[in-house]
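Architecture and fold: a report
This is what each chain is made of:
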Amino acid sequence: MKLYIETLGCAMNVRDSEHIILELQKKEGYTLTPNLNEADLILINTCSVREKPEQKLFSEIGYFAKNKKEGAKIGVCGCTASAMGHEIIKKSPHVDFVLGARNVSKITSIIHRPKAVEVDIDFDDSTYVFADSKKSSYKALLNISIGCDKKCAYCIVPFTRGKEISIPLDLILKEAQKLVENGTKEILLLGQNVNNYGIRFSTPHAKIDFTGLLRELSGIRGLERIRFTSPHPLHMSDSFLDEFAQNPKICKSIHIPLQSGSNQILKSMKRGYTQEWYLNRIAYLKQRVPHVGISTDIIVGFPGEEDSDFEETMKVVESVRFDTLYSFVYSPRPNTSSYSWGDKKSVPKDIAKERLNRLQTRHKKILQENSMEELGKIHKVLIENNKITSNETFSEGRSDTNRLVKIREFIDMGEICEVIISQVKGSTLYGEVLCR
Ligand code: SAH
Ligand code: SF4
Ligand code: F3S
């Protein structure tokens, strides 16, 4: 039996797909195929954080139905599955089952239940132990919590992944240990609010917070690098940032979603912090880790955003000088509180696009300037790829500050080497190996 799977959305969906694949391989005898037309089972792991990918879903199902092997099943998984549930089967008779983002552990049963819909967002599989593989990649994803208790006015995630539950410490440690024994050097911890870890467990559990979890994980011998995404600016306590700064296994890059720089917009987004708090945390962080790499998410055109609000966002961008900036035009999502405001305070599309354009253009420049400052700096790089293009042969990997570095020689994948940045082309960093 062959499985074809398409994964959209964030790292959490990528991890869910990994779980789905392993469950189906180990318990149902499937093997993966990149060819749609030879698959017996076709899965789409969907994202519904913005409107566009959701719209594309039905044309995609149509395409799969047309090109699939006779008798092959089609399943819709992930956040759009949670958000739309039965409606998906009503809208498209080609779909054989619908499996919500919070129901991944039911994959091996649902494939045998025609037209089944499992989208319970209260379903708790925080203690479920998924099938695993004997060999792990150098970099691995590891869930530490599921769901989200926040109610950001624009966000659909609490409606697709339910309330926040932390995964018990012993399960996380066991999984991390197993990954390391099977070859993993770097683990990326996943959750919607990772630094809120420990807020709620579904079984009795000793008190622990994210800082405690980081300390426990860094005790694992052979685990060389720890990353996490996403922390919430609200929970950036001094003690968490101190641990981030002083723990040598924690990579010195951090994603701190800003969303907006305007206090008025942050308030109507219900983000729970102000521009001053955000900048205060950044200042503390930069004082403790001067070379830290910072990335962020920004939404432009949130309802009620005036030019002056957008200028406040630009002000924060100028001040923080993010290495990576993911920016989006606000997209109204059903069930969210800003959706219910209707068109009342909506920002015209062309103005939102103009703001996005200005933000991205400015950021591109900042990234180039940040890149120039990298010249001569020394980083530890974990090699992830060996590549041959028409004019270059190189290895590439990420610094602990999360910058991609190209090295013009072949180095074994999985090796961590000390590299000096010797050339900057645009915002691409080239390095030479100092020590392996
Ligand atoms: N838990 C993370 C966000 C997860 S969603 C956090 O708190 O930041 C990933 C990103 O998608 C968000 O950071 C936000 O920038 C963007 N996003 C979420 N809902 C959106 C919407 N309705 N319109 C546009 N962008 C949105
Ligand atoms: Fe969405 Fe806000 Fe939760 Fe992030 S913290 S997942 S933006 S509700
Ligand atoms: Fe992720 Fe998209 Fe769901 S961003 S949590 S897959 S809505």
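All figures in this text were calculated on a predicted structure; none of them were measured in a lab.

Cut-offs applied
Residues numbered from 1 in each chain as written. Chains lettered and ligands numbered in written order. Predicted model: local features only at pLDDT ≥ 70, side-chain atom pairs only at ≥ 80, totals over all residues. Heavy atoms only, no water. Pairing = 2+ DSSP bridges. Helix = DSSP H or I, 4+ residues; strand = E, 2+ residues; numbered from the N terminus. Axes fitted to C-alpha atoms, helices over the stretch in contact; angles between N-to-C directions. Domains from an automatic or database assignment. Contact = heavy atoms within 4.5 Å. Buried area = accessible area lost by both parts, 1.4 Å probe. Salt bridge = Lys/Arg side-chain N within 4 Å of Asp/Glu carboxyl O. Polar contact = N/O pair within 3.5 Å; in protein donor to acceptor, adjacent residues only side chain to side chain. Nonpolar A, V, L, I, M, F, W, Y, C, P; charged D, E, K, R; others polar. 1 Å grid on protein atoms, 1.4 Å probe; cavity = no way out; pocket = protein on both sides within 12 Å on 5 of 7 lines; lining within 4 Å. Points joined across faces, edges and corners; volume = space filled by probe spheres on them. Phe/Tyr/Trp six-rings, centres within 6.5 Å; stacked < 30°, edge-to-face > 60°. Lys NZ or Arg CZ within 6 Å of the ring centre and 35° of its normal.

Details of the sheet that holds strand β7 (residues 139-143)
Read across the sheet, three strands follow the order β7-β10-β11 without closing on themselves; strand pairing throughout is parallel. Taken across any chain shown, the strands that pair with only one partner, and hence form the sheet edges, are β7 and β11 (225-229). Between one strand axis and the next, the sheet turns through 25° on average, direction left out of account. In terms of strand pairing, β7 meets strand β10 (residues 186-190) through five bridges, oriented parallel.

A short note on the domain arrangement of the chain
Partitioning the chain into structural domains gives domain 1 (2-118), domain 2 (126-251) and domain 3 (378-435). Taking only C-alpha atoms into account, the centre of domain 2 sits 28 Å from that of domain 3. Between domain 2 and domain 3, the residue contacts involve eight residues of the former and 11 residues of the latter. Summing both partners gives a buried area of about 790 Å² for domain 2 against domain 3, and 53% of it is carried by carbon and sulfur. Linking domain 2 with domain 3 are one salt bridge, by the criterion used here. For K139, the salt bridge goes to E384, with nearest N and O atoms at 2.9 Å. Joining domain 2 to domain 3, the criterion identifies seven residue pairs in polar contact (both at pLDDT 80 or more). Residues that form the side of domain 2 that touches domain 3 fall into these classes: two nonpolar, no polar and six charged.

As for the layout of surface pockets
Any empty space left between atoms is shown by rolling a water-sized probe over those atoms. Roughly 600 Å³ of internal volume is contained in the second largest pocket. Every residue lining the second largest pocket is counted, 21 residues in all, and those nearest its centre are V329, Y330, S331, P332 and K349. Within the residue set of the lining of the second largest pocket, elements represented by two or more residues are α2 (51-67), β14 (324-329) and α13 (349-372). Tallied by class, the residues present in the lining of the second largest pocket amount to eight nonpolar, seven polar and six charged.

Some words on the sheet that holds strand β15 (residues 378-388)
To summarise the sheet geometry, strands pair through backbone hydrogen bonds and adopt either a parallel or an antiparallel arrangement. Pairing is mixed in the closed barrel, where five strands are placed in the order β15-β16-β17-β19-β18. Here the average twist between neighbouring strands, direction ignored, is 50°. Here three bridges tie strand β17 (residues 404-407) to strand β19 (residues 428-435), and the two strands are oriented parallel to one another. Looking at β19, one finds that K406 is bridged to Y430.

Quick word on the packing of aromatic side chains
Under the counting rule described, the total for this entry stands at 12 aromatic pairs. Plain terms: the ring middles of F302 and W341 are 5.6 Å apart, the flat faces sit at 80° to each other, and that makes the pair edge-to-face. Of this pair, F302 sits in the loop between β13 (293-300) and α12 (307-320) while W341 is found in the loop between β14 and α13, placing the two residues 39 residues apart along the sequence. Each member of the aromatic cluster is reached from another via a ring pair, and the members are Y154, F302, Y330 and W341. The positively charged end of R50 is found above the aromatic ring belonging to F328, 3.7 Å away from the centroid. Its guanidinium or amino end placed over the ring of F244, K252 lies 5.4 Å from that ring's centre, counting from NZ or CZ.

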